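# Examination of the molecular architecture
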Amino acid sequence: MAKYDREFLVPYLQDICTLYLAERKLREKIKWLTDRINHLSYEIVVTPPKEPSYEKSGCFEGFAWILGLFMAGGSVLGLMSGEDLSGFEMIPVMGIIIGGVILAFAIGANSEQRKTNDELRKNYEAALKAYERDVDNAKRQNVLNKEKIPELLARKEMFSNELKKVSKLLKQAYSVNVIPRHYRDVYAAVYLYDFFSTGRSDDLDMALSLFVLEQIKDKLDKIIQQQADILLNQRIMISTQKQALEEQRAHNAYLEKKIHKIATSAEESNQYLAMIESNTAANAYFSAALYLKK
C-alpha cells in the first residue's frame, strides 16, 4: 500500500488543492473581464422616435361639409330668389337648420382633429429633443467605454499569464506521481486534502478507495464554495512565513534529513525530494500572487 509521511503528504496535497482554487479564482476573474470587455465593446445605439401618424379628414367629414353647405346654402339661395314659396316656407328654414347642424358637426370634428394633431406634433418634437440628448450622451459613454477597454485587456492578459503559471505548478506537482492520473482533478484534490488534514491516516490507497466522485461531488462543491478563500489565505500565510530564503533552506534541509530516515528506496527518496521542490515552487508563487491578497 502507498503510505507517505504526513509531514510531506499534507503540505503536498495542500499545494495541489490551493493551486486548483487559485486556478478557479483566476478563471472567474478572466470570465468577468471577458464579459466586461464584450459589454463595453458594444456601441450604445439610441433608437430615434417614430414620427406619429397624424389624423386626416376622412370621406365622412368631407361629405358632411358638402352636404351641410349644399343644404344651408341652397336654402338661403332659395329664400333670396324671391320665388313664391307659399305653403313651403318651412322647407328652406329646415334646410338651413339641418345644414347648419351638419356644418357645426364638421367644424367640431375638424377642430378636434387639429387639437389631436397638435398634441401628437408637440410630443414628437419633445421626443426628438430627448433623442438628440440621448445620442450625445451615448456618444460620450461610448468614448468612455472604449477608454476603459485597454486597462481591462491588460488585466485579463495578466491573469491569463498567472493561469499559465498555476497550470505549470500543477503539472510539476503531479509529476511527482504520488496521485494516480485518474484522480488528478479539483474534486480529488479537495477530498484528499480534507481527508488527510483532518485525520491521522497516511494511507493514500485507502483514501482513494473511499473516494467516489459521483457520491461526494455536491459535498465537495460546497466545501470549495465555503472554504476557497479560507484555504487560499492559509496558504498565503504559510508562504509568507517561509518567504525568507534562509528559513526556506533550513526547512528544506530538515525535510531532506528526514527523508534519509524514512525512505526505503531511491524511488521513494526521489518522490519526497520532488514533493519538497514542488512545495518550494508553490511557496514562491503564493508569496508573489498579489491578486489573491486583494
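Attention here is on the structure that accompanies the text. What you are looking at is a predicted structure, and each value in this text was computed from that prediction instead of being measured.

## Things to note about the pattern of salt bridges
The final tally for this structure, using the stated rule, is 7 salt bridges. Note that E23 is salt-bridged to R27, the shortest N-O span being 3.7 Å. Of this pair, E23 and R27 both sit in helix α1 (residues 6-41), separated by 4 residues, roughly a single helical turn. You can call R27 partly exposed: its relative accessible area is 47%. Residues K31 and D35 are paired through a salt bridge, measuring 3.0 Å at the closest nitrogen-oxygen approach. With K31 and D35 both in helix α1 and 4 residues apart, this pair spans about one turn of that helix. Assessed through its relative accessible area of 54%, K31 is described here as exposed. Taking the relative accessible area as the measure of exposure, D35 reaches 40% and is therefore partly exposed.

## What to know about unusual backbone geometry
Its identity is not glycine, yet N177 carries a phi of approximately 65 degrees, on the positive side. By secondary structure assignment, the location of N177 is in the loop between α3 (90-174) and α4 (186-197).

## With respect to the nonpolar core
The biggest cluster of nonpolar side chains holds 56 residues, and the ones touching the most others in it are Y12, I16, V178 and L192. If you list the elements that add at least two residues to this core, you get α1, α3, α4, α5 (204-210), α6 (213-241), α7 (245-262) and α8 (266-288). Of all the elements, α1 adds the most residues to this core, at 16 residues. Those residues in contact with I16 that sit more than four places away from it in its chain are L170, A173, Y174, I179 and A189.

## Focus on α4
The end-to-end C-alpha distance of α4 is 16 Å, a good match for the 16 Å that 12 residues give at a rise of 1.5 Å each. Taken together, the buried positions of α4 are Y187, A188, A189, V190, Y191, L192, Y193 and F196. Structurally, the start of α4 carries an N-cap: the backbone nitrogen of Y187 is 3.1 Å from a side-chain oxygen of D185.

## Focus: the packing of α1 against α4
Taken N-terminus to C-terminus, the directions of α1 and α4 make an angle of 145 degrees; their axes are 9 Å apart at the nearest point. When you trace α1 past α4, the crossing you get is left-handed. Contacts between α1 and α4 involve R6, L9, V10, L13, Q14, I16, C17 and Y20 on the former and, on the latter, V186, A189, V190, L192, Y193, F196 and S197. The residue inventory of the contact of α1 with α4, partitioned by class, reads 12 nonpolar, 2 polar and 1 charged.

## Let's talk about the packing of aromatic side chains
With the rule as written, the count across this model stands at 8 aromatic pairs. Ring centres of Y4 and Y272 lie 6.2 Å apart, and the angle between their planes is 80 degrees; this geometry places the pair in the edge-to-face category. On the criterion of sequence distance, the pair formed by Y4 in the segment before α1 and Y272 in helix α8 is long-range, its members being 268 residues apart. Each member of the pair, Y4 as well as Y272, is classed as buried. Measuring from ring centre to ring centre gives 5.9 Å for Y191 and F195, while their planes differ by 35 degrees; the resulting arrangement is tilted. Here Y191 and its partner F195 are both found in helix α4, 4 residues apart, which amounts to about one turn of the helix. An aromatic cluster is built from Y183, Y191, F195, F196 and F211, whose rings are joined through pairwise contacts.

## Quick look at the packing of α1 against α8
The N-to-C vectors of α1 and α8 enclose an angle of 40 degrees; their axes lie 10 Å apart at closest approach. As the angle between them shows, α1 and α8 are arranged oblique. For the crossing formed where α1 meets α8, the hand is left-handed. Residue-level inspection shows F8, P11, Y12, D15, T18, L19, A22 and L26 of α1 in contact with α8, the latter providing Y272, M275, I276, S278, N279, A282, Y285 and F286. Residue composition of the contact of α1 with α8, by class: 12 nonpolar, 3 polar and 1 charged.

About the cut-offs
- Residues numbered from 1 in each chain as written.
- Predicted model: local features only at pLDDT ≥ 70, side-chain atom pairs only at ≥ 80, totals over all residues.
- Heavy atoms only, no water.
- Salt bridge = Lys/Arg side-chain N within 4 Å of Asp/Glu carboxyl O.
- Helix = DSSP H or I, 4+ residues; strand = E, 2+ residues; numbered from the N terminus.
- Buried < 20%, exposed > 50% of the residue type's maximum accessible area, 1.4 Å probe, protein only.
- Core = buried A, V, L, I, M, F, W, Y, C linked by side-chain atoms within 4.5 Å.
- Contact = heavy atoms within 4.5 Å.
- Expected span 1.5 Å × (residues − 1).
- Polar contact = N/O pair within 3.5 Å; in protein donor to acceptor, adjacent residues only side chain to side chain.
- Axes fitted to C-alpha atoms, helices over the stretch in contact; angles between N-to-C directions.
- Left-handed = near helix turned anticlockwise from the far one by under 90°.
- Nonpolar A, V, L, I, M, F, W, Y, C, P; charged D, E, K, R; others polar.
- Phe/Tyr/Trp six-rings, centres within 6.5 Å; stacked < 30°, edge-to-face > 60°.
- Parallel < 35°, antiparallel > 145°, perpendicular 65-115°, else oblique.

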